[in-house]
Amino acid sequence: MTHDDPRVRKTTVTLADGRELMYFGAVPERPADYPDRRPLAEVQVRSEARWDRLAGEWVVIASHRQDRTFQPADDQCPLCPSSAGSRTEIPAPEYEVAVFENRFPTLKTAETGHAGDGDGAERKPPPGPGHLLAGRPAGGRCEVVCFSPRHTASFADLSPGQAATVMAAWADRSAELARLPGVEQVYCFENRGAEIGVTLSHPHGQIYAYPYVTPRTDRMLSACASYRRETGSNLFDDVLAAEEADPSRIVLRGSHWTAFVPYAARWPYEVHLYPRRRVPSLVALGDAAGAEFCGLYLDLLRRFDRLFDRPAPYISAWHQAPAHRGGDEFALHLELFTVMRAPGKLKYLAGSESGMGAFANDITPETAAARLRQLG
Ligand SMILES: [Zn+2]
């Protein structure tokens, strides 16, 4: 299931403004037959990473001078295959899975052609009063992953074989983007549903290649380091063993994966999916585990779609080790959660969560797990 996977063909072409587009899977046979003929000007991106000294976190400020030459009409989805009457981001008339650089990215490789800072260091500002308000260019890359050519499909509608092609694309991009100069972490994710701000309904996800290690991953690695010092063990291994020992929060179990609602779930319905054998990244996942993931994940998504009176809006987040540290301790896993707690009722990130970062959950994780088990 790696980027070298000979079963999944990958073809890279260049869009009219110089961005890369990659086709994964069976079609098109000859992508070069379908050049991008749109009159696109290159977008100038100005992104800055500013260091929040009190929180100890980077914040990206993205103010783009956007060239709006290409503004699709409402009835022209930019993620559908191109047709005679509609030129989209994907020039071919057909595809299985397509990945391309976001035209208006939050993070972008500098104009010199190299991301960020070049040396792989995270480059936090030095201590001292002279550096309290410090930032740097936010290099990196943002990509869009089209899961299917069918506009009205969702990930849950894919066959296990199509899901495997998406996985191959995720693994390929995780490996390649982690090798870009200045990239510190690669994050594959999907936002699904208008409730969480998705403006394009076409089934798609995104990939962010950050020029720093994200705050959540950084905290997880710090917790791992403390736990290692105190116990000599790996924290992810021990947490997974503890969760597996308590069936009340288990949702699904395969030969290679366990899906459970975490003991301290933040969201009304939240499932974490871990491979039993710890690996740091999608690239390191074996074939058998990769194949089983597709079936289990599709099962989980279909259960989420049956939770309410209509398909649940959700966020699906792959957690992987950073590009340059933590690979010996971090455990690849997927976190899937919905922002909905009942039909028509959203959980808003309000005063406690947004103001203090302090979550409170109205549904017990045990109740949520029991409900998700029943929906199978
Ligand atoms: Zn579409």
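Quick look at the structure, then. Note that the coordinates shown come from a computational prediction; the quantities given were computed from them, not determined experimentally. Every chain's residues receive numbers from 1 upward, in the order its sequence appears when written. Selection of residues for local features in this predicted model requires a pLDDT of at least 70, selection of side-chain atom pairs for listing and counting requires 80 or more, and totals for whole chains, interfaces and linings are taken over all residues. Here the side-chain values reflect all heavy atoms present in the structure, with hydrogen atoms and water set aside.

1. Thoughts on the packing of aromatic side chains
Step number 1: Pairing of aromatic rings covers Phe, Tyr and Trp, the last counted by its six-membered ring, and requires centre-to-centre distances within 6.5 Å; plane angles under 30 degrees mean stacked, over 60 mean edge-to-face, and any other angle means tilted. Taken as a whole and assessed by the stated rule, the structure comprises 22 aromatic pairs.
Step number 2: Ring centres of Phe155 and Tyr297 lie 5.2 Å apart, and the angle between their planes is 70 degrees; on these two criteria the pair is classed as edge-to-face. With Phe155 in the loop between strand S7 (141-146) and helix H1 (160-178) and Tyr297 in helix H4 (residues 287-305), the pair connects residues that are 142 residues apart, well separated along the chain. Across the pair, exposure class does not vary: Phe155 and Tyr297 are buried alike.
Step number 3: Taking the centre distance of 5.8 Å and the plane angle of 20 degrees together, the rings of Phe260 and Tyr274 count as stacked. With a gap of 14 residues between them, Phe260 in strand S11 (residues 257-260) and Tyr274 in strand S12 (residues 269-275) connect regions that are remote in the sequence. Just as Phe260 is buried, Tyr274 falls in that class too.
Step number 4: What links up through ring pairs into an aromatic cluster is the set Trp51, Trp58, Tyr187, Phe189, Tyr208, Tyr210 and Tyr212.
Step number 5: Looking at Arg136, its charged tip hangs above the ring of Trp58, at a distance of 4.7 Å from the centre. We count a stretch as a helix when DSSP gives it H or I for four or more residues in a row; a strand needs E for two or more, and each element gets its number in order from the N terminus. Accessibility here uses a 1.4 Å probe with only protein chains present; expressed as a share of the type maximum, an area under 20% marks a residue as buried, one over 50% as exposed, and anything in between as partly exposed. For a ring to carry a charge above it, either NZ of a lysine or CZ of an arginine must fall within 6 Å of the ring centroid while also lying within 35 degrees of the normal to the ring plane.

2. Structural notes on the side chain of Thr214
Step number 1: Relative to the helices and strands, Thr214 is located in the loop between strand S9 (204-210) and helix H2 (215-231).
Step number 2: For Thr214, a relative accessible area of 11% gives the class buried.
Step number 3: Two N or O atoms form a polar contact when they lie within 3.5 Å of each other; inside protein one atom must be a possible hydrogen donor and the other a possible acceptor, and for residues adjacent in sequence the pair counts only when both atoms belong to side chains. Separated by 3.0 Å, the side chains of Thr214 and Thr217 make a polar contact.

3. Quick look at the pairing of strand S1 (residues 10-14)
Step number 1: Only one face of S1 is covered, namely the face carrying Thr11 and Val13; the face carrying Lys10, Thr12 and Thr14 is uncovered.
Step number 2: Two strands qualify as a pair provided DSSP detects at least 2 bridges between them. Here S1 runs beside strand S2 (residues 20-24); their pairing, made up of five bridges, is antiparallel. Looking at S2, one finds that Lys10 is bridged to Phe24.
Step number 3: Counted along the chain from S1 to the antiparallel partner S2, the turn is five residues long, and its residue Gly18 has a positive phi close to 95 degrees.

4. What to know about the side chain of Gln320
Step number 1: Inspection of the secondary structure puts Gln320 in the loop between strand S13 (314-319) and strand S14 (333-338).
Step number 2: A polar atom in the side chain of Gln320 sits 2.9 Å from the side chain of Ser174.
Step number 3: For Gln320, the side chain forms a polar contact with the main-chain nitrogen of Leu282, separated by 2.8 Å.
Step number 4: Excluding anything up to four places from it in sequence, Gln320 contacts Ser174, Gln185, Val186, Cys188, Thr217, Pro280, Ser281, Leu282, Phe330 and Leu332. Should any heavy atoms of two residues lie within 4.5 Å, those residues are counted as being in contact.

5. So, the pattern of salt bridges
Step number 1: The term salt bridge refers to a pairing of a side-chain nitrogen on Lys or Arg with a carboxyl oxygen on Asp or Glu at a separation within 4 Å. Within the structure shown, the criterion is met by 28 salt bridges.
Step number 2: A salt bridge links Glu89 to Arg19, with the shortest nitrogen-to-oxygen separation between them at 3.0 Å. Taken as a pair, Glu89 in the loop between strand S4 (57-62) and strand S5 (97-101) and Arg19 in the loop between S1 and S2 lie far apart in primary sequence, 70 residues in all. Like Arg19, Glu89 is buried.
Step number 3: In this structure, Glu20 engages Arg141 in a salt bridge whose closest nitrogen and oxygen atoms are separated by 2.7 Å. You can see Glu20 sitting in strand S2 and its partner Arg141 sitting in strand S7, a full 121 residues away along the chain.
Step number 4: Assessed through its relative accessible area of 28%, Glu20 is described here as partly exposed.
Step number 5: Residues joined by salt bridges that share partners form a network here, namely Lys10, Glu20, Glu101, Arg141, Glu143, Asp172, Arg173 and Glu176.

6. Thoughts on the sheet that holds S5
Step number 1: Spatially, 11 strands are ordered S1-S2-S5-S7-S9-S8-S13-S14-S12-S11-S10 in an open sheet, and the strand pairing comes out antiparallel. Here the strands that pair on one side only, and so sit at the sheet edges, are S1 and strand S10 (250-253). Mean inter-strand twist for the sheet, computed between neighbouring axes without regard to direction, equals 20 degrees.
Step number 2: Simply put, an axis is a line fit to the C-alpha atoms, just over the touching stretch for a helix, and the angle between two N-to-C directions goes from 0 to 180 degrees. The sheet contacts of H2 involve strand S8 (185-192), S13 and S14, and relative to S14 the element is tilted by about 125 degrees.
Step number 3: Each of S8, S10, S11, S12, S13 and S14 touches H4; the most contacted strand, S14, lies at about 10 degrees to it.

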